[in-house]
Amino acid sequence: MYNVNELKHLLELELTERFEEGYDISGYKDKLRDINNRNDLLKFYQELEKLKMRPNFPYIEPSSLSEIKSLRPSGPREISFKLSDEELYRRILGGWIGRCAGCMLGKPVEGRTRKEIKEMLLRANAYPLRNYFLPEIIGRDNPLALGNIQKVERDDDIDYTILNLSIVEKYGINFTTEDVGRTWLQKLPYLLVYTAERAAYRNLILGFKPPRTATFLNPYREWIGAQIRADMWGYLCPGLPELAAELAFKDASLSHTKNGIYGEMFISAIIAASFAINDIEKVVEIGLSEIPSTCRLTEAVKRVLQWWKQGLSWEEVLDKITIDFSSYHPVHTINNATIVVAAILWSEGNYEKAITMAVMGGWDTDCNGATVGSIMGVLNGIDGIPKKWYEPLNNIVSSAIVDFNFSKLDELAKRTFKITKKILQRTS
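Conventions adopted
- All residue numbers refer to position in the chain's written sequence, counted from 1.
- In keeping with the predicted nature of the model, local features appear solely for residues at pLDDT of at least 70, side-chain atom pairs appear and are counted solely at 80 or more, and the whole-chain, interface and lining totals rest on all residues.
- Values reported for side chains reflect all heavy atoms of the structure, with hydrogen atoms and water molecules removed beforehand.
- Residues are called lining when one of their atoms sits within 4 Å of a cavity or pocket point, these points coming from a 1 Å grid over the protein atoms alone, where a cavity is a set in which a 1.4 Å probe fits but cannot get out and a pocket is an open set with protein on both sides within 12 Å along at least five of seven lines.
- Grid points are joined across faces, edges and corners, and a volume is the space filled by probe spheres set on the points.
- Segments assigned H or I by DSSP are reported as helices when at least four residues long, segments assigned E as strands when at least two residues long, and all are numbered from the N terminus.
- Under the grouping applied here, Gly and all other residues not named as nonpolar or charged are polar, the nonpolar ones being Ala, Val, Leu, Ile, Met, Phe, Trp, Tyr, Cys and Pro and the charged ones Asp, Glu, Lys and Arg.
- Each salt bridge in this description consists of a side-chain nitrogen of Lys or Arg and a carboxyl oxygen of Asp or Glu lying within 4 Å of one another.
- Accessible area is worked out with a 1.4 Å probe on protein chains only. A residue is then buried under 20% of its type maximum, exposed over 50%, and partly exposed in between.
- Here the axes come from fitting lines to C-alpha atoms, over the contacting stretch only for helices, and the angles between their N-to-C directions go from 0 to 180 degrees.
- Throughout, the term roughly parallel applies to angles under 35 degrees, roughly antiparallel to angles over 145, roughly perpendicular to angles from 65 to 115, and oblique to all others.
- Put simply, a crossing is left-handed when the front helix is turned counterclockwise from the back one by less than a right angle, and right-handed when it is turned clockwise.
- For this analysis, residues touch if any pair of their heavy atoms sits within 4.5 Å.
- Multiply 1.5 Å by the residue count of a helix minus one, and that product is the helix's expected span.
- Contacts described as polar in this section are N or O atom pairs within 3.5 Å, which, within protein, must combine one atom able to donate a hydrogen with one able to accept it, while residues neighboring in sequence count only if both atoms come from side chains.
- For this analysis, a nonpolar core means a set of buried residues of the types Ala, Val, Leu, Ile, Met, Phe, Trp, Tyr and Cys, connected via side-chain atoms within 4.5 Å.

Caption draft 1: Highlighting empty space enclosed by the protein. In this structure the tally under the stated criterion is one cavity of 30 Å³ or more. Within this model, the largest cavity holds a volume of roughly 40 Å³. In terms of lining residues, the largest cavity is bounded by R114, K118, Y127, W314, E315, L318 and M360. Top element by residues in the lining of the largest cavity is helix α16 (residues 314–325). It accounts for three residues. When its residues are assigned to classes, the lining of the largest cavity shows four nonpolar, no polar and three charged.

Right, here's the structure in full:
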């Protein structure tokens with residue numbers, strides 16, 4: 001399954017993950033350094049599964065839905081709103097297109113730091129970012145450069161939105177986590193999934209069942225992979241943040257635990273609330289009402305909200321985010337979620353400002369651009385997205401999902417709308 005070097009690398013990451021979760025890993029880094037054969041590495045992993053929590057760890061972070069619900073703050077589990085069918089469809093279309101445009105904006109600088117991106121833009125006299133990246137910045141043959149874009153290029157951030165539509169079309173909203181895993185195996189190529197998703201996919205093939213698929217040799221279980229899969233549940237549940245979060249939980253728990261799960265629940269609830277409420281601060285608070293008040297993600301988001309209320313500038317808040325959350329891996333849920341929240345708050349409702357701020361923040365730029373674009377697309381509808389962001393996409397999306405390559409974005413939105421209407425009729 002893994003050679004010695006690969007297994008040892010996984011275990012190094014596992015130690016980091018265990019420490020972040022609050023476990024006492026004293027002495028284990030030194031112990032791992034001296035192990036160089038497979039059997040002893042597997043025994044070492046078994047030891048890690050028995051670690052005790054540090055007595056001073058201040059967070060309570062369960063991974064079961066009942067425990068998560070027991071630790072939520074109060075919140076509006078349902079929000080009444082009035083939108084015509086046409087308005088509802090255009091909000092959903094705004095989510096789809098907003099997500100795709102934000103993803104395409106961030107894709108060419110994925111993994112770059114905020115400092116690196118700023119320097120690239122300054123050299124081209126293009127800071128702050130206000131359009132797709134210029135060819136002289138990312139390469140004249142780059143299909144994501146301004147003037148070269150002809151469609152939504154294939155990306156896992158968009159694949160999962162499409163895949164989750166497929167899951168609900170087949171199984172309805174009563175789908176199970178096992179249904180999600182089955183659909184992955186049927187429609188999602190293994191080599192086009194990464195980190196936690198690849199670990200969970202491997203575990204499915206090995207015969208593991210959820211939730212063990214999320215934990216066995218998966219040190220990426222709190223990384224951003226589940227958070228980027230949140231959007232469909234929000235699109236399907238306008239004004240129903242609790243239901244959106246429950247659907248997100250069923251999806252996330254295949255591959256993630258704790259804050260990895262909370263990230264998907266948080267974003268799905270924000271999107272669901274964005275159909276009904278135009279107050280960005282309020283929708284963030286509604287997102288927080290669907291995850292434990294006792295978790296690290298809640299603490300991080302509340303810190304950003306505090307900075308917002310204090311009147312910090314965008315540059316100042318990015319400085320603080322970089323300092324306070326840089327200990328996490330660049331594709332962790334928590335640090336990237338702070339950029340998402342900051343971008344939608346400091347944009348003051350402007351789609352373009354939001355996605356460009358998200359991408360200029362660095363770290364997982366395509367994921368953050370996509371998530372922010374989705375939220376702002378739903379808040380504003382397609383009519384609130386400047387045409388320069390979606391006309392180059394030509395309404396076409398490339399996808400690795402079986403039966404969905406070269407789909408039309410408006411057709412995906414129509415299929416989403418059809419299910420959304422059924423859910424709203426069922427819950428009314």
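And the narrative resumes.
Caption draft 2: Up close: the pattern of salt bridges. If you walk through the whole model with that rule in mind, you get 31 salt bridges. A salt bridge links E14 to R18; its shortest N-O distance comes to 2.7 Å. With a gap of four residues between them, E14 and R18 both fall in helix α1 (residues 4–21), about one helical turn apart. Among the residues examined, R18 registers a relative accessible area of 8% and is labelled buried. Measuring nitrogen to oxygen at the nearest pair gives 3.2 Å for the salt bridge that ties R303 to D324. Placement of R303 in helix α15 (residues 296–310) and of D324 in helix α16 is noted, with a sequence separation of 21 residues between them. Note on D324: relative accessible area 33%, which makes it partly exposed.

Caption draft 3: Just the packing of helix α8 (residues 156–171) against helix α21 (residues 409–427), in detail. Where α8 meets α21, the axes come as close as 11 Å, and the angle between the chain directions of the two elements is 40°. As summarised for this structure, α8 and α21 are arranged oblique, according to the angle between their axes. For the pair α8 and α21, the crossing hand works out as left-handed. On α21, the residues that touch I162, L165, V168 and E169 of α8 are L412, R415, T416 and I419.

Caption draft 4: Quick look at the layout of surface pockets. One number sums up the size of the largest pocket: a volume of about 250 Å³. What lines the largest pocket is a set of 14 residues, among which E20, Y59, R296, S327 and Y328 lie closest to the centre. Breaking the lining of the largest pocket down by element, the ones donating at least two residues are α1, α15 and α16. With four residues, the top contributor of residues to the lining of the largest pocket is α15.

Caption draft 5: Here's a closer look at helix α17 (residues 333–346). Taking 1.5 Å per residue, 14 residues should reach 20 Å; α17 reaches 20 Å between its end C-alpha atoms and fits that length. Buried residues dominate α17, accounting for 14 of its 14 residues. Trailing α17 by a residue or two, E348 shows a phi angle of about 55°, which is positive.

Caption draft 6: Representation of the side chain of D179. As for its position among the elements, D179 is in helix α9 (residues 177–187). Reaching out from D179, the side chain makes a polar contact with the backbone nitrogen of T176 at a distance of 2.9 Å. A distance of 2.6 Å separates polar atoms of two side chains, one belonging to D179 and the other to R182.

Caption draft 7: Spatial organisation of the environment of W314. Examined against the element boundaries, W314 turns out to sit in helix α16. Using a relative accessible area of 10% as the deciding quantity, one classes W314 as buried. Linking W314 and V402, residues 88 residues apart in sequence, is a C-alpha distance of 41 Å.

Caption draft 8: Representation of helix α18 (residues 351–360). The element α18 is largely enclosed, with a buried count of nine among its 10 residues. Of all the residues in α18, the buried ones are Y351, E352, A354, I355, T356, M357, A358, V359 and M360. Packed against the buried residues of α18 are α5 (85–106), α6 (114–123), α16, α17, α19 (365–380) and α20 (387–390). The opening residue of α18 is N350, an N-cap whose side-chain oxygen sits 3.0 Å from the backbone nitrogen of E352.

Caption draft 9: Layout of the nonpolar core. Grouped together as the largest cluster of nonpolar side chains are 131 residues, with contacts concentrated most on W96, F133, F266 and W346. Element by element, the count of residues in this core is highest for α5, at 11 residues. Filtering out sequence-adjacent residues up to four positions away, F266 remains in contact with V284, G287, L288, I291, L297, V301 and V341. The next biggest cluster of nonpolar side chains, apart from the first, holds 15 residues, and it includes Y28, L32, L41 and L51.

Caption draft 10: Summary view of unusual backbone geometry. The omega torsion of the bond from Y127 to P128 falls at 5°, within 30 degrees of zero and hence cis. Locating P128 in the fold gives a position in the loop between α6 and α7 (135–138). Residues P210 and P211 are joined by a peptide bond in cis, for which omega reads 5°. Its identity as a non-glycine residue notwithstanding, E348 has a phi of 55°, on the positive side. Structurally, E348 can be placed in the loop between α17 and α18. Phi is positive for N395, which is not a glycine, with a value near 65°. Within the fold, N395 resides in the loop between α20 and β1 (396–397). Residue class for N395 comes out partly exposed when judged on its relative accessible area of 25%.

Caption draft 11: The arrangement of the environment of T356 in detail. By the secondary structure assignment, T356 is in helix α18. Here the alpha-carbon distance between T356 and C103, two residues 253 residues apart in the chain, equals 11 Å. With residues up to four places along the chain from it excluded, the contact list for T356 reads L105, L129, R130 and W389. Within the structure, T356 has its side chain in polar contact with the backbone oxygen of E352 (distance 2.8 Å).

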